[in-house]
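Structural overview
Spelled out from the first residue to the last, the chains are:
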Amino acid sequence: MTEVKSAPGTSEAENASFPWKIHEAVLDNGLRVVVSPDPTTPIAAVNLWYDVGSRHEPAGKHGFAHLFEHLMFEGSAHVDKGEHFEWVTAAGGAAINATTSPDRTNYFQVMPSAQLELALWLEADRMGSLALTQETLDNQREVVKNERRQRYDNPPYGRWVEYALALAFPEGHPYHHTTIGSMEELQEAALEDFQDFNAVYYSPNNAVLTVAGDVDPEAVVKLAEKYFGGIQRHGDIPPAPDGTLPSLRIGETKRHVEPDDSVPRPMTFFMFRSPDSRDEDFTAVEVLAAVLGRGRGARLYRKLITEKNLAQREEAYTSVWNLAYGASVFFGMFSPRDGVEAAEVEQEFTAVLDGLADGSAPVSAAELGRAKALLTSDWLRAVGELGGRADLLGQYATLDGDPKLVREYLERLEAVTAEDVQRVAALILADDNRVIIEYTTNATSDADAADGATDDSADTADTAEGQAMARQEKK
């Protein structure tokens, strides 16, 4: 019988950010099971994280991880195509979906707790017996091609992140390409290539099963053994390509100008390499993003919109992605108001960044408190909802190696000082760590791009369609 271990207990007051117990077990085949009981509502959130994302894809197979997000809904030995949704909804379940990022793929649903066994059976059936045929592969390749058209090629500004990542990370780096993948490589790959990918990465010893809600931990582990225990582990899961960089900084400012008369207005995007989500400075980077560019109280909104009326409302912000290996990215954007030149807004935008980075405009106590309050609110909303709670446990178990680290977030957030924020600003916002993607509405701005910046846009534009990625893909 698999032993169920509880995390070291502390009182609810001592763990106000995460007062629920955390139980862990590992099946003989390597599947990690994390259970967080909460009897206050008769539902259970089931979340299955696989340690595979676009960063794991070898050369020539870009897009495999995201395609599998689709293929996993195409049926298995005992479940026909599309029936996963039908079984879950018929049992009163909801929130059925999956997402892919560079670092992982996860599958989730929320069930009445009395129907937990059904959800575990469904997940185990497709882990152990996915119906991966030429027909399902060809069908989903076309679905992904259509998704690319809908999300990247046809929408205004749809390819900005593709251009930015290709410039922010060198060729061959696991974050250089987007999760949507290369349509050419997906089309050229054989069925056997996808079957091999499935056998390696969709194995129990490469997964974390998380259940949060009105459940008994020992009963959950028994059900996991019943349905997942017979699935054979894969003996040799290859490591992802090395994401180590010689320096966190890019080394220069890179600019790509995209003349596009189809966009409704000019738009400029910025991307900076930043510490990854497992770095001790990452929480300070989150605070930096909130201080600079989150909401009407943020510096960029106050300067560009409230004070100078240069940019469109709600279109001057910064944020951060939580990429976990080697480096993450900090990004921002603005759109000038009608009659205002993008260059004028960019000058003010970068002046706000520089003022914080060089210490000439340090973070005030009010700004620091506001940013922390926003991030605390985000956190409490996430853990207060069972689906978010199960997802966070899966994240910490998969990417950080320990689901109990979920309890430390608010403590780390509270410990961030104004000096920490200024320090990370100086690290990542410098002009030698900057990618700028500028959408213009006329072709004359090509000449403007060459003024004072490195223009790598020609190679990027020619090859970006085969490089691909998006931070997170949803079905």
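Being a predicted model, the structure only gives us computed values, none of them experimental.

Points about the overall build of the protein chain
- What the protein chain contains, in helices and strands, is 17 helices and 14 strands.
- In terms of overall size, the protein chain behaves like a compact globule, its C-alpha atoms giving a radius of gyration of 23 Å where 475 residues would be expected to give roughly 23 Å.
- Projected onto its principal axes, the C-alpha coordinates of the protein chain cover approximately 65 × 55 × 40 Å.
- The buried share among the 475 residues of the protein chain stands at 56%.
- Partitioning the contacts of the protein chain with sequence separation of at least 6, the portion at a separation of at least 24 is 81%.
- Accessible surface, the protein chain as shown: approximately 19100 Å² in total, 48% of it carbon and sulfur.
- Side chains of the protein chain give 43 positive and 78 negative charges; the mean places of these two sets differ by 5 Å.

A word on the pattern of salt bridges
- On inspection of all chains with the given rule, the structure shows 26 salt bridges.
- Put simply, Arg159 and Glu162 hold a salt bridge, and the shortest N to O gap is 2.6 Å. For the residue pair Arg159 and Glu162, the accessibility class agrees, reading buried in each case.
- Across the salt bridge formed by Asp354 and Arg434, the nearest N and O atoms sit 3.6 Å from each other. Separated by 80 residues along the polypeptide, Asp354 in helix H11 (residues 342-357) and Arg434 in strand E12 (residues 433-440) bring together distant segments of the chain.
- Under the relative-accessibility criterion, Asp354 is labelled partly exposed at 34%.
- A single salt-bridge network, built from bridges that share partners, covers Arg148, Asp153, Arg159 and Glu162.

With respect to the packing of helix H10 (residues 299-307) against H11
- Two elements in contact, H10 and H11, have axes whose closest approach is 10 Å; the angle formed by their N-to-C orientations is 150°. Judged on the interaxial angle alone, H11 and H10 are roughly antiparallel. H11 is crossed by H10, and the crossing has right-handed handedness. Between H10, through Arg299, Leu300, Lys303 and Leu304, and H11, the contact on the second element is made entirely by Val345, Glu348, Phe349, Val352 and Leu356.
- Residue composition of the contact of H10 with H11, by class: 6 nonpolar, no polar and 3 charged.

Section: the side chain of Thr268
- Note on placement: Thr268 falls in strand E9 (residues 267-274).
- Not counting residues within four places of it along the chain, the set of residues in contact with Thr268 comprises Gly332, Met333, Phe334, Ala342, Glu346, Ile436, Ile437 and Glu438.

Details of the pairing of strand E7 (residues 207-213)
- The buried fraction of E7 is high, at 7 of 7 residues.
- A two-sided burial pattern is seen for E7, the buried positions comprising Ala207, Leu209, Val211 and Gly213 on one face and Val208, Thr210 and Ala212 on the other.
- Note that strand E3 (residues 32-37) and E7 share 6 bridges and pair parallel. When the sheet's bridge partners are listed, Val34 is paired in E7 with Thr210.
- Here strand E4 (residues 43-50) pairs with E7 via 7 bridges, running antiparallel. The residue of E7 that forms the bridge with Leu48 is Leu209.

What about the packing of aromatic side chains?
- Tallied over the full model, the rule gives 27 aromatic pairs.
- Seen in terms of ring centroids, Phe269 and Tyr439 are 6.1 Å apart; in terms of plane orientation they differ by 80°. Their pairing is edge-to-face. Of this pair, Phe269 sits in strand E9 while Tyr439 is found in strand E12, placing the two residues 170 residues apart along the sequence. Here Phe269 matches Tyr439 in class, with each residue buried.
- Consider the rings of Phe270 and Phe349, whose centres lie 4.5 Å apart with planes at 10°: the pair is stacked. In this pair, Phe270 sits in strand E9 while Phe349 sits in helix H11, placing the two residues 79 residues apart along the sequence. Pair check on accessibility: Phe270 and Phe349 agree, each one buried.
- By the ring-pair criterion, three or more aromatic residues cluster together here, those being Tyr50, Phe64, Phe68, Phe73, Phe85, Tyr107, Phe194, Phe197, Tyr201 and Tyr202.

Notes on the packing of helix H9 (residues 282-293) against helix H15 (residues 418-428)
- Axis separation between H9 and H15 bottoms out at 9 Å; the angle between their running directions is 85°. Here H9 lies roughly perpendicular to H15, going by the angle between them. Contacts between H9 and H15 pair Ala284, Val285, Val287 and Leu288 from the former with Asp420, Val421, Val424, Ala425 and Ile428 from the latter.
- By residue class, the composition of the contact of H9 with H15 is 8 nonpolar, no polar and 1 charged.

What counts and what doesn't
- Residues numbered from 1 in each chain as written.
- Predicted model: local features only at pLDDT ≥ 70, side-chain atom pairs only at ≥ 80, totals over all residues.
- Heavy atoms only, no water.
- Helix = DSSP H or I, 4+ residues; strand = E, 2+ residues; numbered from the N terminus.
- Rg over C-alpha atoms; globule rule 2.2 N^0.38 Å.
- Buried < 20%, exposed > 50% of the residue type's maximum accessible area, 1.4 Å probe, protein only.
- Contact = heavy atoms within 4.5 Å.
- Areas by Shrake-Rupley, 256 points an atom, 1.4 Å probe, with all protein chains shown as cover.
- Lys, Arg positive; Asp, Glu negative; His and termini not counted.
- Charge placed at Lys NZ, Arg CZ, Asp CG, Glu CD.
- Salt bridge = Lys/Arg side-chain N within 4 Å of Asp/Glu carboxyl O.
- Axes fitted to C-alpha atoms, helices over the stretch in contact; angles between N-to-C directions.
- Parallel < 35°, antiparallel > 145°, perpendicular 65-115°, else oblique.
- Left-handed = near helix turned anticlockwise from the far one by under 90°.
- Nonpolar A, V, L, I, M, F, W, Y, C, P; charged D, E, K, R; others polar.
- Pairing = 2+ DSSP bridges.
- Phe/Tyr/Trp six-rings, centres within 6.5 Å; stacked < 30°, edge-to-face > 60°.

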